[in-house]
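Architecture at a glance
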Amino acid sequence: MTTEFRVWSIVLISCIGSRLLSTIYYIEDLDSLRFALSMVDYDVAKLQPHFPAYPVFCWTAKLFYVVTRRYALAFSLLGGLSTFFIILFTLKIAKIQSNTSLGKIAIFVIFANPLLWLMGNRYMPDIMGVACLLASLYFMTSQTGSRKHNPLCCTNCVGFLIAGILLGIRLSYLPLLAPALLIRLKHPERLKYIMVGTIGILVWLIPLFWITGWNTLTTVAQAQGHGHFSDFGGTVSTHPELWLRLTKIFESIWADGFGLYWRGRHLITVCTAILIGIIVIFNWQTLKKWMAEKFSGDNSILPNPIFIGCTVYLIWIFLGQNVIHKSRHVLPLLPFLASGIASACNRMTGPPINQGKGRFRYIFAWSTVTTFLLCYSYVTINIVVQHTKQTAIAQIHEYLRDKQLEQVNQLHVVSVPLITYYLAAQAVEAIYVPIQSEADLAQLDELETGLVVIGSHLSNREPKIEKTFYHNPYVNRMWPELSLFEY
C-alpha cells in the first residue's frame, strides 16, 4: 500500500464521516424543501425540484435514500463523496502530490472550507456539481494518457462525457466549463467529442422526458426561465444595484467562502483575515507564478482555460444569478483559491535555516501558518455546529406546529407566498393567506382571533404576542431574522 493511497483513504473516510456527523435533520429553506420533496415524489410540474430539474443529482440522491431510508443522511453521504472528489480533482488539476507537505495543506484547506462543508450537508446539488465540474476540467486540461496509443478512450472524451452529465446536476456551472470545451472543439477529433458529450446529456435527458413529458417540461422550462431572468431569479434585471452585487460577490468569497471578517462577525475572524493577509503578502509574487503555472492547461492551444472560465463564470453570476441573497454561487471558485492559499502557506514555511534572522523568520512563518489553520478550522467548526441547529424559518415551523396542537380555533397564517408554501408543504395545518400587495391585507379585517403574521406587523392592530427568530446569516443568508406576530 503506497503512502499516497493511504492518504486518499484517510481523506475519503474523513470526508464521508465528517459530513455524516454534521447531518442536518430539518428543512432549512425553500430550495432545500423542494429537493427534500423530490426524494418522495420527483415531479418537475410541482417544482419538486424547480427547473432545470437536476435529474442526475436527484436520482443519485434517491439511490442513497433507498439504502439509508433517511433523506438527510442521503444528502450528507452524497456531500461527503462529492467533497472527496473536489479535493482529489483540485490537486490533480494543480499537479499537487497528496503525500507532500503542500498536498496535505491543500487537502486540509479544502476539507475545512466553511462554505464547502455547509453545502456538503445542504439538500442541494451544488457540491456534487462542483465535483463533476472539476472532474471534467481535469480530463480536458490534463495531458494524462496518449491519444496516439488509445484513440477511442482519450481523456478529452471522458471530459466531454462528464460535461454532458454535469448539465443534469448544475446547469449554471456551464459558463465556467465553456472555454475549456470550446478550446477542445478546435481539435480534429471534435465530432467524437460532440458525440460523447451528447451521450452524456441523453443519459439523463431521455429519462427526464419520459418521466415528465415533453409538453410539461417545456411549459415549466419557459415559465421558470422567464421568471428567473425577469421576476424572482435575483438577476441584474430585477436587482440592478451594481455596487451591491459586486460587494456581495466579494463578501461571498471572503466571508462566506473562507470564514474571514465582515462587519458583525466574531473577532476570531479578524485574526483569520489578518493572518491570511500576512501569508499572501509575504508570498505574492510566488503565488502569482504558481497559479499561472498550475492552472495554465495546454499552453500549445490557449493558456489559462480555467482562469478564463473563472472570469466568464464571475461575469455570469454577477449578471444572471441571485448573488445578493445566496452566497453558494461562488462555490466553484473556492477550490482554486483554496489551492492558492495552500501554496502560499507551504511557501511561507519553507525549509528551516539554522541560525540568525533566518531561523527567526522560519519560526515566525510556521507560527503564522499554524495559527491561521487553527483559526480557520475553528470558524468552520462553529459554523457547522450552528448549521445543525434550526434556521429562523425552521424555528417558526416548529413553533406553529406545536401551537396548532394547543389552538382551539384554526390558525390563519399570513405571510409572503414563499413562506406560506414552506409551512404548508410541511403539514402545518392552517388557513394560509399569501400577501402579495396592500389589497390582500383588507381580507384580514374580519379575522379577530387565531391570526399569525410572519414578517411585518399589521399597522392597525396591536399584537398579543411578538417573537423574533434568528440564525447566523453566514450559515444561510435566506431569512436570517424573522418576526412573528399573533393577534
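In this text the structure is predicted, and so the values were computed from the model without any measurement.

About the criteria used
- Residues numbered from 1 in each chain as written.
- Predicted model: local features only at pLDDT ≥ 70, side-chain atom pairs only at ≥ 80, totals over all residues.
- Heavy atoms only, no water.
- Helix = DSSP H or I, 4+ residues; strand = E, 2+ residues; numbered from the N terminus.
- Buried < 20%, exposed > 50% of the residue type's maximum accessible area, 1.4 Å probe, protein only.
- Contact = heavy atoms within 4.5 Å.
- Pairing = 2+ DSSP bridges.
- Axes fitted to C-alpha atoms, helices over the stretch in contact; angles between N-to-C directions.
- Core = buried A, V, L, I, M, F, W, Y, C linked by side-chain atoms within 4.5 Å.
- Parallel < 35°, antiparallel > 145°, perpendicular 65-115°, else oblique.
- Left-handed = near helix turned anticlockwise from the far one by under 90°.
- Nonpolar A, V, L, I, M, F, W, Y, C, P; charged D, E, K, R; others polar.

**Things to note about the side chain of Thr212**
Relative to the helices and strands, Thr212 resides in helix α10 (residues 190-212). The exposure class assigned to Thr212 is buried, which follows from its relative accessible area of 15%. With near-sequence residues (within four places) excluded, Thr212 lies in contact with Val44 and Leu217.

**As for the pairing of strand β5 (residues 481-486)**
Counting buried residues along β5, 5 of its 6 residues qualify, which places the element largely inside the surrounding structure. With 3 bridges joining them, strand β3 (residues 451-454) and β5 adopt antiparallel strand pairing. Within the sheet, the bridge partner assigned to Ile454 lies in β5 and is Leu484. Pairing of strand β4 (residues 465-470) with β5, which is carried by 6 bridges, proceeds in the antiparallel orientation. Each residue of the ladder has a partner; that of Lys467, found in β5, is Leu484.

**Overview of the sheet that holds strand β2 (residues 431-434)**
Across the sheet, which stays open at both edges, the 5 strands sit in the order β2-β1-β3-β5-β4 with mixed pairing between neighbours. Of all the strands in the sheet, the pair left with one neighbour each is β2 and β4. Averaged over all pairs of adjacent strands, the angle between their axes in this sheet comes to 20 degrees, without regard to strand direction. Lying over the sheet, helix α19 (residues 417-424) contacts β1 (412-415), β2, β3 and β5, oriented at roughly 160 degrees with respect to β2.

**Some words on the environment of Gly320**
With respect to the element layout, Gly320 can be found in helix α15 (residues 305-320). By relative accessible area, Gly320 is classed as buried at 3%. For the pair Gly320 and Val236, spaced 84 residues apart in sequence, the C-alpha to C-alpha distance is 6.3 Å. Those residues in contact with Gly320 that lie beyond four places of it in its chain are His228, Thr235 and Arg245.

**A few points about the nonpolar core**
Counting 132 residues, the largest nonpolar core has Phe57, Ile87, Leu137, Leu331, Phe372, Leu400 and Ile454 as the members making the most contacts within it. Ignoring any residue separated from it by four or fewer positions in sequence, one finds Phe57 in contact with Phe35, Phe75, Leu78, Met124, Pro125, Met128, Gly168 and Ile169. One finds Val433, Leu444, Leu451 and Tyr487 within the second-largest nonpolar core, a separate group that totals 9 residues.

**Remarks on the packing of helix α7 (residues 126-141) against helix α8 (residues 155-166)**
Relative orientation and spacing of two packed helices are given, respectively, by the angle between their axes and the distance between those axes. Between α7 and α8, the shortest axis-to-axis distance is 7 Å and the interhelical angle comes to 155 degrees. With respect to each other, α7 and α8 are oriented roughly antiparallel. Pair α7 / α8 crosses with left-handed handedness. Here Gly129, Cys132, Leu133, Ala135, Ser136, Phe139 and Met140 of α7 lie close against α8, whose contacting residues are Thr155, Asn156, Val158, Gly159, Phe160, Ile162, Ala163 and Leu166. Considered class by class, the residues forming the contact of α7 with α8 number 10 nonpolar, 5 polar and no charged.

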